[in-house]
Amino acid sequence: MRPGLGALTARHGLLYGGDYNPEQWPEAVWAEDVALMREAGVTLVTVGVFAWGTLEPEPGRFELAWLDRVLDLVAGAGIAVDLATPTASAPPWLAHDHPETSSVDASGVRMSPGSRNHFCPTSPVFREHALRVVRVLADRYAGHPALAMWHVGNELGQRCCCDLCAAAFRGWLRARYGTLDELNRAWGTAFWSQHYARWAEIVPPRAVPYLHNPAQDLDFRRFTSDQLRDLYRVQAEVLRAATPDVPVTTNFMGFFRGVDYRSWRDDVDVVADDWYGDPADPRSPARAALTHDLMRSLGGGRPWVLMEQATGAVNWRPHNLPKPAGAMLVDSLRAVAHGADAVCYFQWRASAAGAERFHSAMLPHAGADTDLHRAIRAQGAVLRRLRRVVGTRVDARAALVFDWSSWWAGEGPGLPSDRLRPVEQLLAWYEPLWRAGIAVDVVHPGDDLDGYDLVAVPGLYLVSDADAANVARVPERGGALVVGPFSAVADEEGRVRGGRFPTPWAATLGASGEEHRPLPDAGVRVDSGLMGAFTAADWSEALRVEGDDVEVLATYRGAGLEGRPAVTRRVHPGGGSASYVSTVLPADALARLLLDAAAGLDPVPCPDGVELARRGDVLFALNHGPGTRTVPLAAPAVDLVTGREVAGALVLGAWSAAALVAP
Amino acid sequence: MRPGLGALTARHGLLYGGDYNPEQWPEAVWAEDVALMREAGVTLVTVGVFAWGTLEPEPGRFELAWLDRVLDLVAGAGIAVDLATPTASAPPWLAHDHPETSSVDASGVRMSPGSRNHFCPTSPVFREHALRVVRVLADRYAGHPALAMWHVGNELGQRCCCDLCAAAFRGWLRARYGTLDELNRAWGTAFWSQHYARWAEIVPPRAVPYLHNPAQDLDFRRFTSDQLRDLYRVQAEVLRAATPDVPVTTNFMGFFRGVDYRSWRDDVDVVADDWYGDPADPRSPARAALTHDLMRSLGGGRPWVLMEQATGAVNWRPHNLPKPAGAMLVDSLRAVAHGADAVCYFQWRASAAGAERFHSAMLPHAGADTDLHRAIRAQGAVLRRLRRVVGTRVDARAALVFDWSSWWAGEGPGLPSDRLRPVEQLLAWYEPLWRAGIAVDVVHPGDDLDGYDLVAVPGLYLVSDADAANVARVPERGGALVVGPFSAVADEEGRVRGGRFPTPWAATLGASGEEHRPLPDAGVRVDSGLMGAFTAADWSEALRVEGDDVEVLATYRGAGLEGRPAVTRRVHPGGGSASYVSTVLPADALARLLLDAAAGLDPVPCPDGVELARRGDVLFALNHGPGTRTVPLAAPAVDLVTGREVAGALVLGAWSAAALVAP
Amino acid sequence: MRPGLGALTARHGLLYGGDYNPEQWPEAVWAEDVALMREAGVTLVTVGVFAWGTLEPEPGRFELAWLDRVLDLVAGAGIAVDLATPTASAPPWLAHDHPETSSVDASGVRMSPGSRNHFCPTSPVFREHALRVVRVLADRYAGHPALAMWHVGNELGQRCCCDLCAAAFRGWLRARYGTLDELNRAWGTAFWSQHYARWAEIVPPRAVPYLHNPAQDLDFRRFTSDQLRDLYRVQAEVLRAATPDVPVTTNFMGFFRGVDYRSWRDDVDVVADDWYGDPADPRSPARAALTHDLMRSLGGGRPWVLMEQATGAVNWRPHNLPKPAGAMLVDSLRAVAHGADAVCYFQWRASAAGAERFHSAMLPHAGADTDLHRAIRAQGAVLRRLRRVVGTRVDARAALVFDWSSWWAGEGPGLPSDRLRPVEQLLAWYEPLWRAGIAVDVVHPGDDLDGYDLVAVPGLYLVSDADAANVARVPERGGALVVGPFSAVADEEGRVRGGRFPTPWAATLGASGEEHRPLPDAGVRVDSGLMGAFTAADWSEALRVEGDDVEVLATYRGAGLEGRPAVTRRVHPGGGSASYVSTVLPADALARLLLDAAAGLDPVPCPDGVELARRGDVLFALNHGPGTRTVPLAAPAVDLVTGREVAGALVLGAWSAAALVAP
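Residues numbered from 1 in each chain as written. Chains lettered and ligands numbered in written order. Predicted model: local features only at pLDDT ≥ 70, side-chain atom pairs only at ≥ 80, totals over all residues. Heavy atoms only, no water.

## A short note on empty space enclosed by the protein
Part 1 of the argument: If you add up the space inside the largest cavity, you get close to 360 Å³.
Part 2 of the argument: Around the largest cavity, the lining is made up of 25 residues, and of these Pro364(A), His365(A), Glu514(C), Glu515(C) and His516(C) lie nearest the centre.
Part 3 of the argument: For the lining of the largest cavity, the leading source of residues is strand β14 (residues 511-518) of chain C, giving 4 residues.
Part 4 of the argument: Its residues assigned to classes, the lining of the largest cavity shows 15 nonpolar, 6 polar and 4 charged.
Part 5 of the argument: Put simply, the second largest cavity is a space of about 310 Å³.
Part 6 of the argument: If you trace the second largest cavity, you find 25 residues lining it, with Glu514(A), Glu515(A), His516(A), Phe358(B) and His365(B) closest to the centre.
Part 7 of the argument: Of the residues forming the lining of the second largest cavity, the biggest block, 4 residues, is contributed by strand β14 (residues 511-518) of chain A.
Part 8 of the argument: Taken together, the residues of the lining of the second largest cavity sort by class into 14 nonpolar, 7 polar and 4 charged. (1 Å grid on protein atoms, 1.4 Å probe; cavity = no way out; pocket = protein on both sides within 12 Å on 5 of 7 lines; lining within 4 Å. Points joined across faces, edges and corners; volume = space filled by probe spheres on them. Helix = DSSP H or I, 4+ residues; strand = E, 2+ residues; numbered from the N terminus. Nonpolar A, V, L, I, M, F, W, Y, C, P; charged D, E, K, R; others polar.)

## Here we look at the interface of chain A and chain C
Part 1 of the argument: Facing the 49 residues of chain A at the interface are 53 residues of chain C.
Part 2 of the argument: A combined buried area of about 4,300 Å² lies between chain A and chain C, and 57% of that area is made up of carbon and sulfur atoms.
Part 3 of the argument: Together, Ser115(A), His319(A) and Phe358(A) form the three largest contributors to the area buried by chain A at its contact with chain C, with a combined 15%.
Part 4 of the argument: Across the salt bridge formed by Asp371(A) and Arg564(C), the nearest N and O atoms sit 3.1 Å from each other.
Part 5 of the argument: Summed over the shared surface of chain A and chain C, the result is 21 residue pairs in polar contact (both at pLDDT 80 or more).
Part 6 of the argument: If you list the elements that add at least two residues to the side of chain A that touches chain C, you get α3 (52-55), α5 (92-97) and α12 (371-385) of chain A.
Part 7 of the argument: Considering each element in turn, the side of chain A that touches chain C owes the most residues, 4 residues, to α5(A).
Part 8 of the argument: Grouping the constituent residues of the side of chain A that touches chain C by class yields 21 nonpolar, 17 polar and 11 charged. (Contact = heavy atoms within 4.5 Å. Buried area = accessible area lost by both parts, 1.4 Å probe. Salt bridge = Lys/Arg side-chain N within 4 Å of Asp/Glu carboxyl O. Polar contact = N/O pair within 3.5 Å; in protein donor to acceptor, adjacent residues only side chain to side chain.)

## Focus: the relation of the copies chain C and chain B
Part 1 of the argument: When chain C is brought onto chain B, the operation consists of a screw motion whose angular component is 120° and whose axial shift is 0.0 Å, with 0.0 Å RMSD remaining. Expressed as an axis order, the relation between the two copies is that of a three-fold axis. (Least-squares fit on C-alpha atoms with pLDDT ≥ 70 in both.)

## Thoughts on the sheet that holds strand β19 (residues 565-571) of chain A
Residue and element names in this part refer to chain A.
Part 1 of the argument: Strand order across the open sheet formed by 9 strands is β11-β10-β12-β13-β20-β19-β18-β15-β16, with mixed pairing between neighbours. Edge positions in the sheet fall to β11 (440-443) and β16 (534-536), since each has one partner strand and no second. On average, each strand axis in the sheet is inclined to that of its neighbour by 25°, with strand direction left out of account.
Part 2 of the argument: Bridging between strand β12 (residues 454-457) and strand β13 (residues 480-483) involves 4 bridges; their strand directions are parallel. Counted as the bridge partner of Leu454 is Ala480 from β13.
Part 3 of the argument: The strands touched by helix α17 (residues 587-597) within the sheet are β12, β13, β16, β18 (550-556), β19 and β20 (577-581), with β13 carrying the most contacts at an inclination of about 155°. (Pairing = 2+ DSSP bridges. Axes fitted to C-alpha atoms, helices over the stretch in contact; angles between N-to-C directions.)

## So, the sheet that holds strand β27 (residues 656-661) of chain C
Residue and element names in this part refer to chain C.
Part 1 of the argument: Strand order across the open sheet formed by 5 strands is β21-β22-β27-β24-β25, with antiparallel pairing between neighbours. The open sheet terminates on both sides in strands that have one partner only, identified here as β21 (610-615) and β25 (644-646). Put simply, the sheet's adjacent strands are angled 30° from each other on average, direction ignored.
Part 2 of the argument: Pairing of strand β22 (residues 618-623) with β27, which is carried by 5 bridges, proceeds in the antiparallel orientation. Across the sheet, the residue bridging to Ala621 is Ala658, located in β27.

Next up, the structure:
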C-alpha cells in the first residue's frame, strides 16, 4: 500500500501553494518569499523542478548547500515540500558531451539545448545521469522534515525518433507481438508492400512520402507513452527505496495526447495535474470540469492535486488574456469541487528572465501591493475555511467512456474525416450532464461499469473485443448505454472489423450500419420526436434497425439517407436501454437525448453560467461568468466561502463561488 | 505496332473490374471473391500492385506459389488479369540494406519506409532489385492464360533530390545543352552570380534562402518526369521481350503536375488513368470530363482505361464525402462517353488494415448485402448492354492547348501573379464548350491542329518558336484561334522574349502588349458589345491593336487602362480569326466569346446539370446533380442503360445516366 | 572625415539611375543602353552587384576586360558608377569546393546554390574569397574616372546557425559578458536548467522542442547584425585603403528585422536604402515616408540615396500589382522630400532570365516605345528642375523613438501578446503627424533629444537604464513626452524590471501599472474628454496615478478595469508634459492625443490623400491617390515640377506631385 495525500492533508487541510524556484533569485530574497508565503497561507511548495543545472553545474559536481538552506527555511515556516527530481531538463553540458541524449524529430533533426525537455527518454547515458542526480537528492533529503512528496521530472511528454528509440521500439514490439509474422499480420503489412523480414527493419514513423501505416503510428504512440512511464518508474524506484512513506507522483497535463495516463494510474501515489484553461475560450469551465473528473477517475475517486495553474495570464499562447478578478478563486474551487485536495500554481514569484517571465505568478513583478497578490492571500483564507471537504468523495452515477488508444487511432492517418475529434466529442457529451449538475466519472471501457446508471460512449473508434463485451453488459444489467458514431469500428490492433458496424455492439443496439458518410458542410436535416427537428453536422451513417424492441428516435431527411434512422434505442428485457447516435448532434438535441437517458439521476438544472457540483456534504456553486446569478435554495445553508448563512436564494456576483453546507 | 486493348475488349466488351489484392486476405476468402466477381460481371482485375513484400519477403527469396493460385483461380473464372510489376513500393529490407535506394527531399531528409513510394528513381541498386522481381514475374507468367495486360509500378510520381539524382540530372543537362556555356546562357546564370564553372557544381533545386532559378526549377521538373519514364521503360523492355503481344501500361493521374504524360504517350500501349473526383467540388464533373478528354487525346483518340476510381468516399482528404447513390454509374459512363473502354476501381475488397482501409471498395467492410455492392452488380449489367460503344471514337472539332512545360513554368518562381493557374484556366475555358455539348480534344501546341475548327489557348506562358508558328497557322488556314492572357511570353527555355507580347503571335493577333498588370482584388470593369458589361479579375494587360482588320471586342474601364482594349479579334483574309483575351473573363463572358468562336460547331445546349456527350453513334446523357432533369429529344431513341424506348423528352432522375441510340 | 554625396551631387544635381547589369546581355546591347540612359537623364548606375560569377568564372581566374569596357562606356557618357563588391552571392564553385561557406538554418539544413545570398557570414574561407575579389576590383578601378561610390555586397541580411557561427557567437558573448557567470545571470539560465558550465556548450537558437530562451534569441540577433557589419567592414577597409575619397556604402532595407542599421550608421559614408512599397497596401505612402525619415535620421539629417525601388510591379509577392501611372514620380519625389538626393531603381533593363525577370525595370521587355519608359525619361527631366533641393535639410521638431533591440525583444519568445508589433505601432503613431505635415525624425532612445519639442515613444519594450534616463529628461526640460504601452518593461539584457511598470519612468509619468492585460477581440470601451468615447484594442494595463499634477485623460469602461486610468498626463513644473498611453488607441483618438501634444509645432493639415512635406525652401505636395485634390495656397508659388506659377490653390491630378517655391 503506497502512501497518499492523507498525512499531508491531515496536517494542513486543503493544500495551497505552488512551484517555488529560489535558484532564480539571490538568497536575500528567500526570507521575504517565505514570510509572504506564510501570510498567504501557503502550505506546500514544489522545489527544484528545473534545478538540475544549479544542482550539478558541472558533470558530477553537485552543489546542494543552497537547497539545504531553502528546505530548512521552508521547513522552519511549517511549509511542506514537494521535491522534484530535476530530470525534465538536463544542463547543456549533457547535450554537449553526449549528443545522443538529445531527442530527434521525425525528420532526423536533433534538438538543441536552449529551451527545455530536449532529452531522449531512451538514451542510457541520459538515464544514467538522471538517476545519478535522483540518487543524490534521495540520499540527501530522505529524512528532511520538509520532504512531503516527490515530483518526478515535469510534464513528461517527449517524442523521440532517434536510433536508440527505434531499437527500444523494436524491443517493445517484440514483447507485444512475439513474432514478426504476428506483427506483419497485425499491422497489415501486406498492404503497400510493408512486410518486415527482420526486426531491424522497423523504424519509428519518420518522414515518409505519404500516409503512415496507422498501426505503426498507433504502436509508436503506445511505445512512447510506455517509454516515458519507464523513465518515471526508474526514478520512482530510487525514491521509494529511500523514502517508502513519501508519496511519489508527477504532474499530468489533462487530456494530453502524448501519454496514456490511464496506464500510469498505478504508478503515481497521488494523481497530480496541471490545468491551464484559456480565458478566451467560453467552454473553458466545462473543459476544466471534465479534465478534473478525468483526474479524479484516474485515481479511483481519491483526492488529487491541482499541481499547476495560472493566477492570471500565461505566456505561451499568441495572445494571452488575463483571468477576470474572481476567476482565480472560481477555478480553484472548481478543482476542489471535482475532488482536488490541493490547489497549487506555477509559480510563486514571477521570473525576471527566461521564456516564462510573463507567466503570471502568485507574487507578480509589481510585488505584494497588487490586486493579484491580495487575491492570493484571500484565497488562502477561503481554503482554510473549506477544511471539511478534505478526503471526501464525489458520488458519480454517470460515466463517460474514454481511451487514449482509441483517441490516437481516431485521429490517425487515413480516416474518413478529421472532424470527429474524440476529445471534442467527449466534451460535447459532457457539457449537458455538467450543466445539469450530474456528477460524471471518465472511465476506460475495460473498467468496472457496474456502479453506473448511465454509461455514455461519445466516440470510441477502437475497442478490444473484451472491453466491447464489458460495455455491452450495461444494458443487459439494466443500465442505460448511449453510443456515439464511428465507435467500435476497429479492434485493439486498429484493424477494421468486418461486418455491419459497430460489429461487437450491433446486436446490443439492434442497429447496424454499412457505410460511413461524412456530411457536406451544410449538414443534414433530422426529425425526431424526442429531440425535435434539427440540423446534424459532419457525419452520418447508413443504418438499419433489427428487432421489435428497437425504436427509431430520429430520422435523416436528406444527404442520401432520406427516411433512414439517425438515432435508435433498443429497450432491453431488464429495463436497460442501448441507444445509438450515428451523427454529430447539435448541443440541444444531444442534451435532450442524454438527459432523457439520465432521467433517473435527478439532474439539478444549473442557472446559465453557473456550475453546481456536490462533493461530500458540500454543494459548490460557481459563477464562471461576468453577470450576477441567482441560485434558488431549497433550504437555508451556510456558505463556507463567506461564512454567511444564506436562505431562499444564493446571489452570486460575477466570477464568484460559494460552498454551501447545511447550517 | 504494339498491342492495344482490342483483343481484350473483343472478348469481354467494355472491361469492368478493379485492383485485386488477395495477399491481404487468407486464402479462404479468395473463392468467395471470385464468385462475387463473376456475379458482378467483373472481367478485368489488376493484381500485385503492392505485392513486392509478399512476392520477395526476403532479399532474393521469391514466393510465387500464392500468386500462381490466384491467377489460376481468376483465369478459371474467365477474368483477365492486368498484372503489376510491384516496383512502386519496395519492401523495408531494401531501404534497410541499401539506404541509398530511398528518396531525399529538398532539405536533405531521406524518406523512411512505413508508407509507400519511398524509392529513388535513379538508384542503380533500386533498379537492379526492381528489375529482378520484374524478370521473375515476366518469366513465370509469360504464358499464363490470365495475363492480359502489364501494369508497371503505380502512379509514378516521385521527386528525389539525392546525390544520385543530382548526378543523373547533370547527365540529362549535358545531353540537353551540350556545353556549360549553353547551359549558363539558357539558365541566365549571369543573374545572381550563378555561373557554373563545372558540371559537378549543378545540383537539384534544394533548400535555398530565396527564389530558385526558374530555369533550374523547370529543367529539374523535366528531368524528373524523364527519369520516371526511364524507370518505366526499363521495366517495359523486360516485359515486352517476354510477352510481345501483351500491352504494357501504367496508371496516370490526370493533370498530375509531377509528370509530363504527353512525353510518355508513345511508351504506353494503352493509356490508363486514375480519377478521384471530389464529391464536395461542384466542378468535379467538368474536371472529370476534361481529364478524360486529355487521356483520350494522349492516346490519339484510341480507347483508354479508367484504371482506378472510387465506388464511394476516399480516405486521403481531411473530410471525405461519399458519392451520392447513382453517381458511381454517372461517373463511369462519363468516362465511357469520353472514350474509355474499361471501367475499374480501387479496389475489389475493402482493406481491414493499412492507410487505405477507409477507401471505399467494390465489396465494402459490411459485405455483399449492401446498397453499394448491389450498385456494383447493377453497373456490371449496364456495361454489358453498352458493348456497341467498344472501340468507337469521339469526333472533336475543337481543341484546347495544354503543355506540361508551360504549366511548370507558369507556376514557377517569381511570376507576376500566382493566380493565373494554368489548369484552372484550362478548366474555365473547357466548361462552356462542355456545357454546350461540344467535343474537345486537349492537345499540345506542337500537335497537328489541322483537323480543328476552333483552337483555344487558355494560357500558354511558355511555347517554343516552332510550336508557336504551328499554332499561328490556325487562323491562316481559316480556323478560329482564341488566345488567353500571359501566353507565349517565354520561349522553350523559359526565357522571356523581348518585344511586345505575345511576341510570336503579335502579328497574327494584330494586338500586342507592353505591361502585365495583375489586378487589385476588386478587379476591373470591362465593356463589350459581344459580352456585355462585366468585371474581370486578377489580370490585365496594357495592349494596343494594329491593323484595320482588328476589332476591339471589349474595352477596359479602369485600373489604369481606361479605354484600352481588353479583348481583340483579327479576321484573317481566309476567314480565319485570331482573338486575344488579355484578362480573366468571368464565366458568362468567356462562354459568349468561345461559343461565338465555336459557332460553326453546332453546339447542343445541355440542360443545367446535365452533360450530353456523343461517342460513336451513342449519345450519353448524364445527370450529375440532385434534381430531376428533362432533355428534349428530336427523335425517338432507345436508352441502352434501361433498354427502354424514349420519345419526346428524356427524363433523368437525380444522378442517373442514359445512353441513347437510334431505335 | 569620410567623403559623402557632395562631390557627386555638385556635379550632377539630384542623382538618377539604377542597377545596371550588362553581364546579362550581349555586348552589342550596351551601346543602346548607354544611349537610352543619356536620353533619360541617368547620372548614376550601380554595376556589378551579382557579377562575381562573371568576374571570377573559375576559382582565381578573373575576367575583368568586359567590366573595363562597361566602365569606359559609361564614363564616356558622363555617367557615374556606384561599383559593387559582388560578394552578396558567390559562384556555385565556392559552395562546391567549400561547403562550409554556405549557411545553415536552425534545423541544420545547409543552403544550396541556385538562388542567392547563400553564404555564411562567418566562414573564413568565404571571407578569404570575398576579400580577394574585392581587392582585385579595388586595385583595378581605384583610379577609374567612372568610379564615384562603392556598394558593398547587397542587402546584407543572412542568418546562419552553422558551427562556425556558433563559435563566433561564443566569442561575441565572451566579449559582451566577460565571464560565464555573468552570462548565466543575464540570460537567466537558472530557469529551465540552462546553466552553462563551459563556453563551448552555447549554440545558436537552433531547433528546440519549445520556446527559446529570449535572451539567447536576442543576443543571437545582435550577434548576427554585428557579424554582418563585420563582413561589411572588412570589405570597406580594403576599399577605403585603395580609394580614400570615394564614399563606401551598402543598401539597407528599411525596417529590416535582421540588421540593426542604427549600429551601422558610422560605417556607411552615405545612407542608402531599398524601398519596395506594396501598391496593394493603402498605408504604403505612410510606410514609405516613415522609412525615408528613418534613413535621413540614421544619417544625421544628411542626404541619403534611394538605391533601389521599382518602376512598376515587383516579382516576389504572390500577386504583384503594378504602380498606377504617375505613382513612380510621386514615390520618387516623396523620397526627395524626405531627404534623398538620389533616386535609383532596380534595374535598368528588365532581365530575360533569372528569378527577377518579371521585376519591372526602367527599360521594360517591350522596349523604349512604352508608357513606362516615357515616364522614366520625363522623370529625369523633373529631377533636373529640382536641383535646388540638393543638400538641403528637413527641419524636424518631433521625434519618434525606435530601437532594433527593443523590436527584437518585443517580438521574441513568450510575450504576453504577439499583437503589439513594434513597427506597426510606430507606423500608427507616425501617421497622424505625417498627415498633419509635421516633420518627424526617427531616433534612438540614447540619441540627443534636446532639439525636439515632442518625443513620442510608441512602444519600447526594452530600454537600458541610461537611455531611459535620457528620455525622462524630455519633460523635465519642457518638452512633451508621450509613451505607449508595454514600454521600458525590460532592461538592456531583456530582463523584466521589478516593481510597477514602466519602472524607470513611473515617477516621470506619475502613473504606474501592476498587470499587463491583453484584451479579448471585442476590445474595451474607453471614455475621454480629449478624445471622446471609443473602443481600444488588443491591450490594456491595470494602472494607478500618483500626484496632483497627473491628469487622467481617458478612463477604461470594462474589461475588468472599470474606472481605471487608460491615458494619463503629468504636467511637469517647467511646462513639460509626460503622457502615458496604456492601450492601443484607434487612429482618431491617437491623432487627437498626439496633435494635442504637438500643438506647438504648427501642423499643416493635408487634404485627404495628399502629403505635404517641406525640405529646405521647397514644399512638396504629393497626391498619392486616384482622385483630383486641391491644396489651398497662402501665397502664389512656382511649381518646379511643371515650371508653372500657381496661385490660390494647387490642383493635383491623380498620382501627381508638385514642388512649390516662392516665385
